[in-house]
Protein chains: 2
Amino acid sequence: MTSLLPTSGSAPTLEMVAALAGVSRSTVSRVVNASPKVTPEVVEIVNAAIVTLGYVPNRAARTLASRKTDSIALVIPENTAKFFADPFFASVIQGAAMFLSKTDYTLTLLIASETDAQKTQRYLRGGNVDGALVLSHHSDDRSYVELGQNFPIVFGGRPMSQGGRNFVVDVDNVAAAATAVQCLIDHGKTNIATIAGPQDMAAGLDRLEGWRTTLETAGLPATLFEAADFTPAGGASAMKRLLDRGERFDGLFAASAQMASGALGVLREHGLAVPGDVGVTTIDNDYYAKNANPPLTTVDQPSMQQGAKMAEVLVRMIDGEDVDTLTIMPTHLIERASV
Amino acid sequence: MTSLLPTSGSAPTLEMVAALAGVSRSTVSRVVNASPKVTPEVVEIVNAAIVTLGYVPNRAARTLASRKTDSIALVIPENTAKFFADPFFASVIQGAAMFLSKTDYTLTLLIASETDAQKTQRYLRGGNVDGALVLSHHSDDRSYVELGQNFPIVFGGRPMSQGGRNFVVDVDNVAAAATAVQCLIDHGKTNIATIAGPQDMAAGLDRLEGWRTTLETAGLPATLFEAADFTPAGGASAMKRLLDRGERFDGLFAASAQMASGALGVLREHGLAVPGDVGVTTIDNDYYAKNANPPLTTVDQPSMQQGAKMAEVLVRMIDGEDVDTLTIMPTHLIERASV
DNA sequence: TTGAAAGCGCTAACAA
DNA sequence: TTGTTAGCGCTTTCAA
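Predicted model only: the values in this text are computed from it and were never measured.

Here we take up the interface of chain B and chain A. Listed by partner, the interface residues are 51 residues for chain B and 42 residues for chain A. For the pair chain B and chain A, the summed buried area comes to about 4000 Å², and 61% of that belongs to carbon and sulfur atoms. Interface area lost by chain B to chain A is led by Val-56, Leu-64 and Phe-84 of chain B, which between them contribute 13%. Our count for the chain B to chain A interface comes out at zero salt bridges. Viewed at the interface, chain A and chain B are joined by three residue pairs in polar contact (both at pLDDT 80 or more).

Structure representation (structure tokens):
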């Protein structure tokens, strides 16, 4: 049982470095910030002093004086469990982290469940970060959209709330769904059902629309659909509801690979073969798509690149550059054994 | 499209609140920090001003003045890919986040190998956080051990480096391994091999020791082992090496469920039935253990609780309370079909 | 219970 | 190229 002293108040300051080096604080500051206009000899002396003292700049003081935090937040409006279950988040973060490691920004993850939405907002407004990446999904994203009007925010996926000018990096969900559905049609399927995503998310709505318009264009019926929450469990129960309807279908477009994998289990239980009885296509080239039985034909959504792009756009916004309000990432079909 | 902030563009300051409320800055500060000695009427007036202005305290200024950041870091000394592949990290973070949401600390994730080690150290030393949780593993953790001598750090798992006093929240890996091996013995297995974890990690070493001593105590041979890196792929190749030796064994203790799942595939390829030909036990009650074929008998390591405990210990350290230098989390056996 | 005043450690004009 | 001088927005003695 022992207690530890709070960080002993003896952290070396810039002033101490200046004294030891025999120069002014400004000069030390310039050296620390790699200003080009300092004589090499002085730089050397100052650096020596920094080393002997073990000096590390105080971040709070720096931020207060410069109005820059050098860090940005990645906001995930989901609970922790869902955050870790969904490979999409992992990829986006990886992409963002990868891009930022080339800069000197730090990434702070904010897993913002509905309960502490307030806490998150205060965090962003309190000057903790220079900007934020928001993986927006649900219709309650209005507060972020508002915040985005006078604070640098880049949305991953189109926010549901209207109003103002938003910066978005997205995939064309309508087109992605259309590709997946067209693949089913190309394989001769004529009765194509869908398990749609949540209808309070843009991705959910857009993918449903892509399914509908593609079928209508092909002169095929577009009536069989059930919505779920993008999870395997949700996909499974939607599949059951679809089967309970008793209508026949030979194709299924699931709006996410996680839902598709849930649906596959139910199909199997009901003695329906894939792709024999029902052809299946989906979106997301993740673990679930690759390891499903059979492996799923899917539309690859480049989440890692999306994360990197989001970070890039945000950093450029912070630096005051002009950036496009909308960046669309390309998608492409990956054919496997499910259709 | 309504904006929340005054049109001035810059965020409202404490001073502006004071002016609007007709009190001094000190009083506003007291209200913001819930000081008990402010008249209720004044509190009300100030709060009204805060609301109309949409005031949020500036974190940097606060930190600079108070020497408190109200945030702590969770350092993960692995690359991003491994971070997301290992459910252990997910659980620990979830536990820590859960505990911290009850406090007003914010959690900042530092995936340490993304940035170089130097960058992380500077981050911690630069006053960005009040303390850190370090999921220490490899033998290169000396710098954290050193930093821990005068900065609040709680290690998840015993660090490899010696020296000084460290605060650790761990499971008894020797005992956990012993439990898993004993289970094999209890099922009549007499030739028990092991796939050990990395020998530069405490968990790797301790689990190997638990295997060895348990066998020796039982008067059984303890010679068949191969080390791997805790991943499925590593487990698979260690399994191959084990088989290549040509020695017979009827039991296998894999030091992690991920390695066990990799080993299972190799066993199957070689026509060895589990548990018929080889009984298998492991450690970690995660996705890999539950979804293996057959499901794995394993020792449950309560990672979520460990994360919560780590956060709790750290917060108490920061608050200057006395805490134990070592906290051991309980483990327990979960019997499934693999033995 | 409240206010005045002195910094916290740094950056950034402006001078020199 | 270097130093001087103000702050950045807040907390915190110390008086009143």
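Time to look at the sheet that holds strand β10 (residues 297-300) of chain A. Residues and elements named next belong to chain A. The mixed open sheet is built from six strands, whose spatial order is β7-β6-β8-β9-β10-β12. Every interior strand has two partners, whereas the edge strands, β7 (225-227) and β12 (332-334), have only one. Geometrically, the sheet is characterised by an average inter-axis angle of 15 degrees between neighbouring strands, direction not taken into account. Here strand β9 (residues 279-283) runs beside β10; their pairing, made up of three bridges, is parallel. For Thr-282, the partnering residue across the bridge sits in β10 and is Thr-298. Running at roughly 160 degrees to β9, helix α12 (residues 257-269) makes contact with β6 (192-196), β8 (251-254) and β9 of the sheet.

Next up on the list: the pairing of strand β3 (residues 131-134) of chain A. Residue and element names in this part refer to chain A. Of the two faces of β3, the one carrying Gly-131 and Leu-133 and the one carrying Ala-132 and Val-134 are both buried. Here strand β1 (residues 71-76) runs beside β3; their pairing, made up of four bridges, is parallel. Of the residues in β3, the one forming a bridge with Leu-74 is Leu-133.

We now examine the protein's contact with DNA strand D. Lining the immediate environment of DNA strand D, one finds 27 residues, of which Ser-26, Thr-27, Thr-39 and Arg-67 of chain A together with Leu-14 of chain B sit closest. Across the atoms of DNA strand D situated within 4 Å of the protein, the share located in sugar and phosphate is 57%. Here a phosphate oxygen of DNA strand D sits 3.0 Å away from a polar atom, N or O, in the main chain of Ser-24 of chain A. Contacts to DNA strand D include Leu-64 of chain A, whose backbone N or O atom sits 3.4 Å from a base oxygen. Among the elements of the structure, α2 (25-32) and α4 (59-66) of chain A together with α2 (25-32) and α4 (59-66) of chain B are those that each provide at least two residues to the surface near DNA strand D.

So, about the protein's contact with DNA strand C. Near DNA strand C there are 27 residues, and of these Leu-14 and Tyr-55 of chain A together with Thr-27, Thr-39 and Arg-67 of chain B occur at the shortest range. Taking the atoms of DNA strand C that fall within 4 Å of the protein, sugar and phosphate contribute 58% of them. Here a phosphate oxygen of DNA strand C sits 3.2 Å away from a polar atom, N or O, in the side chain of Asn-33 of chain A. Contributions of two or more residues to the surface near DNA strand C are made by α2 and α4 of chain A together with α2 and α4 of chain B. Tallied by class, residues from the surface near DNA strand C come to 10 nonpolar, 10 polar and seven charged.

Take the environment of Ala-180 of chain B next. Residue and element names in this part refer to chain B. Mapped onto the elements, Ala-180 comes out in helix α9 (residues 173-186). Residue classification places Ala-180 among the buried residues on the basis of a relative accessible area of 0%. Sequence separation of Ala-180 and Arg-336 is 156 residues, and the distance between their C-alpha atoms is 12 Å.

Let us look at the confidence of the model for chain A. In this model, chain A carries a mean pLDDT of 90, and residues with pLDDT of at least 70 account for 95%. Between residues 1-9 of chain A, whose pLDDT stays under 50, and residues either more than four places distant or in other chains, the model counts 20 contacts.

Residue and element names in this part refer to chain B. Read across the sheet, six strands follow the order β2-β1-β3-β4-β5-β11 without closing on themselves; strand pairing throughout is parallel. A strand with exactly one partner marks an edge of an open sheet, and here the two such strands are β2 (106-111) and β11 (326-329). With strand direction ignored, the average angle separating the axes of adjacent strands in the sheet is 20 degrees. With three bridges joining them, strand β4 (residues 153-156) and strand β5 (residues 167-171) adopt parallel strand pairing.

Next up on the list: the relation of the copies chain B and chain A. Laying chain B over chain A is done by rotating through 180 degrees and shifting 0.0 Å along the axis; what remains is an RMSD of 0.2 Å. Such a turn and shift between the copies fits a two-fold axis. For chain B, the residue whose C-alpha comes nearest the rotation axis is Ala-60 of chain B, separated from it by 2.3 Å. Mapped onto chain A, 73% of the interface residues of chain B are again interface residues, and the two copies thus contact each other with one and the same surface.

On to the pattern of salt bridges, then. In total, this model carries 17 salt bridges over all chains according to the counting rule given. The shortest N-O distance in the salt bridge between Asp-206 of chain B and Arg-158 of chain B comes to 2.7 Å. Of this pair, Asp-206 of chain B sits in helix α10 (residues 202-217) while Arg-158 of chain B sits in the loop between β4 and β5, and the two are 48 residues apart along the sequence. Residue Arg-158 of chain B is classed as partly exposed on the basis of its relative accessible area of 33%. When salt bridges with common partners are traced through the structure, they connect Lys-309, Glu-312, Arg-316 and Glu-321 of chain A into a single cluster.

Turning our eyes to something else, we now look at the packing of α9 of chain B against α10 of chain B. Residues and elements named next belong to chain B. Where α9 contacts α10, the two axes come as close as 7 Å, and the packing angle between them is 40 degrees. It follows that α9 is oblique to α10 by the angle criterion. For α9 against α10, the interelement crossing comes out right-handed. Residue-level inspection shows Asn-173, Val-174, Ala-177, Ala-178, Val-181, Gln-182 and Ile-185 of α9 in contact with α10, the latter providing Ala-203, Asp-206, Arg-207, Glu-209, Gly-210, Trp-211, Thr-214 and Leu-215. Its residues placed into classes, the contact of α9 with α10 shows eight nonpolar, four polar and three charged.

So, on to unusual backbone geometry. The step from Val-274 of chain A to Pro-275 of chain A runs through a cis peptide bond, and the omega angle for that step is 5 degrees. A cis amide bond links Asn-293 of chain A with the next residue in sequence, Pro-294 of chain A, at an omega value of -5 degrees. With respect to the secondary-structure elements, Pro-294 of chain A resides in the loop between α13 (287-291) and β10. The backbone of Asp-70 of chain B sits at a positive phi, close to 60 degrees, despite the residue not being glycine.

This paragraph deals with the packing of aromatic side chains. For any pair of aromatic rings, the description rests on two quantities: the centre-to-centre distance and the angle between the ring planes. A complete count under the given rule lists seven aromatic pairs over all chains for this structure. Centre to centre, the rings of Tyr-287 of chain A and Tyr-288 of chain A are 5.8 Å apart; their planes meet at 85 degrees, and the pair counts as edge-to-face. Through pairs of rings, three or more aromatic residues link up here, namely Tyr-287 and Tyr-288 of chain A together with Tyr-287 and Tyr-288 of chain B.

Our focus in this paragraph is the nonpolar core. Leu-133 and Val-154 of chain A together with Leu-133 and Val-154 of chain B are the most contacted members of the largest nonpolar core, which has 58 residues in total. For Leu-133 of chain A, the contacting residues outside a window of four places in its chain are Ile-72, Ala-73, Leu-74, Val-75, Ala-96, Val-154, Met-310, Ala-311 and Leu-314 of chain A.

What counts and how
- Residues numbered from 1 in each chain as written.
- Chains lettered and ligands numbered in written order.
- Predicted model: local features only at pLDDT ≥ 70, side-chain atom pairs only at ≥ 80, totals over all residues.
- Heavy atoms only, no water.
- Contact = heavy atoms within 4.5 Å.
- Buried area = accessible area lost by both parts, 1.4 Å probe.
- Salt bridge = Lys/Arg side-chain N within 4 Å of Asp/Glu carboxyl O.
- Polar contact = N/O pair within 3.5 Å; in protein donor to acceptor, adjacent residues only side chain to side chain.
- Pairing = 2+ DSSP bridges.
- Helix = DSSP H or I, 4+ residues; strand = E, 2+ residues; numbered from the N terminus.
- Axes fitted to C-alpha atoms, helices over the stretch in contact; angles between N-to-C directions.
- Buried < 20%, exposed > 50% of the residue type's maximum accessible area, 1.4 Å probe, protein only.
- Near = heavy atom within 4 Å.
- Nonpolar A, V, L, I, M, F, W, Y, C, P; charged D, E, K, R; others polar.
- pLDDT = per-residue confidence, 0-100.
- Least-squares fit on C-alpha atoms with pLDDT ≥ 70 in both.
- Parallel < 35°, antiparallel > 145°, perpendicular 65-115°, else oblique.
- Left-handed = near helix turned anticlockwise from the far one by under 90°.
- Phe/Tyr/Trp six-rings, centres within 6.5 Å; stacked < 30°, edge-to-face > 60°.
- Core = buried A, V, L, I, M, F, W, Y, C linked by side-chain atoms within 4.5 Å.

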